[in-house]
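Here is how the chains run, residue by residue.
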Amino acid sequence: MPNINVTPEYAYSAELGIQKYFNNKRFRFGANVYYTLLDNYIQRDFVYNADGSVQQVEFDGEFGNAVSNQNKETAYITGFTANYLGKISDVWNTTGFITYTKGRTYDTEEPMSSIPPLFGQFGVNYKVNKIELGAAVRFNAKKDIEDFNITEGIDNHDLTPIVNENGATASDIYFGTPSWATLGLNGRYDVNNNVSVQARLDNLLDEHYIEFASVLLLLVETYQFL
């Protein structure tokens, strides 16, 4: 529902970064950490009646809970990123990065929505003459259901139910998004200065994975509930 009383939220940020070269600048390491304070932050929440019950609205003949964007008090988002670039030899290079983010509200002590789990990538690359070959490992850590904002619900936690071996689900028991790692290969050949041919193979190990917040449905079938 529209809320004409919503006012702007304010963000106050601080960031610290470092970058260091090693071995005659053949290897570079970088990292940064940051902290953002959100004041008067906006969050989707239920619309309540005077008696404390949740207001209902009718849409296409069905009733549902009314929600609106509302101002809250304060929250924070913090995290870090680390990356490296290394020249192992004249033909071998390696790169990688890892990122961690955390966000919580100070007033309600809930997780912030749309916060990704720990993720990163590590790769190695070989290049000689006109040929370039590479391999990369991408990964996401598990995002526990405790790290989802259940009140706002925009991360679709309700679409990650735990399914038992009989195919049944338990109401209000959710898993969150599972961890995953994929392996990919890529190649390139420079035919001449103007033309090159490229090829890429992703997920060589045929891992069943899903990017956080990238789809609307995920059923976790490898864990049982009691």
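Since the structure is predicted, the reported quantities are computational estimates derived from the model, not experimental observations. (Residues numbered from 1 in each chain as written. Predicted model: local features only at pLDDT ≥ 70, side-chain atom pairs only at ≥ 80, totals over all residues. Heavy atoms only, no water.)

1. A closer look at a nonpolar patch on the surface
Together, I131, L133, Y189, V191, V195 and V197 make up a nonpolar patch on the protein surface, roughly 490 Å² of accessible area in all. Tracing the backbone through its elements, the reader meets V195 in the loop between strand 15 (180-190) and strand 16 (196-201). (Patch = residues over 30% accessible without salt bridge, like charges linked within 9 Å, V, L, I, M, F, W, Y side chains within 5 Å. Areas by Shrake-Rupley, 256 points an atom, 1.4 Å probe, with all protein chains shown as cover. Salt bridge = Lys/Arg side-chain N within 4 Å of Asp/Glu carboxyl O. Helix = DSSP H or I, 4+ residues; strand = E, 2+ residues; numbered from the N terminus.)

2. Focus: the sheet that holds strand 10 (residues 131-140)
Sheet strands pair via backbone hydrogen bonds, and the direction of the pair is either parallel or antiparallel. Reading across from one edge, 1-2-7-8-9-10-15-16 is the order of the eight strands in this open sheet, with antiparallel pairing throughout. Looking along the sheet, the strands with just one partner apiece sit at the ends: strand 1 (10-22) and strand 16. Between one strand axis and the next, the sheet turns by 10° as a mean value, whatever way the strands run. (Pairing = 2+ DSSP bridges. Axes fitted to C-alpha atoms, helices over the stretch in contact; angles between N-to-C directions.)

3. A short note on the confidence of the model for the protein chain
With 89% of its residues at a pLDDT of 70 or more, the protein chain shows a mean pLDDT of 87. With pLDDT under 50 throughout, residues 215-226 is counted as low confidence; its partners more than four residues away or in other chains account for 34 contacts. (pLDDT = per-residue confidence, 0-100. Contact = heavy atoms within 4.5 Å.)

4. With respect to the nonpolar core
L38, Y41, A75, M112 and I115 together form the largest nonpolar core, which totals five residues. Here I115 is in contact with I77, T101, K102, G103, K143 and F212, once residues within four sequence places are set aside. (Core = buried A, V, L, I, M, F, W, Y, C linked by side-chain atoms within 4.5 Å. Buried < 20%, exposed > 50% of the residue type's maximum accessible area, 1.4 Å probe, protein only.)

5. A short note on the layout of surface pockets
Approximately 240 Å³ is the volume found for the largest pocket. Forming the walls of the largest pocket are 15 residues, and the residues nearest its centre are Y100, T101, K102, I115 and D147. Top contributing element to the lining of the largest pocket by residue count: strand 8 (residues 92-105), with five residues. Residue composition of the lining of the largest pocket, by class: eight nonpolar, two polar and five charged. (1 Å grid on protein atoms, 1.4 Å probe; cavity = no way out; pocket = protein on both sides within 12 Å on 5 of 7 lines; lining within 4 Å. Points joined across faces, edges and corners; volume = space filled by probe spheres on them. Nonpolar A, V, L, I, M, F, W, Y, C, P; charged D, E, K, R; others polar.)

6. Notes on the pairing of strand 9 (residues 119-128)
Relative to strand 9, strand 8 runs antiparallel, the two being bridged by eight bridges. Bridge pairing links W92 to Y126 in strand 9. Inspection of the sheet shows strand 9 paired to strand 10 by 10 bridges, in the antiparallel sense. From the neighbouring strand, F119 faces strand 10, where its bridge partner is N140.

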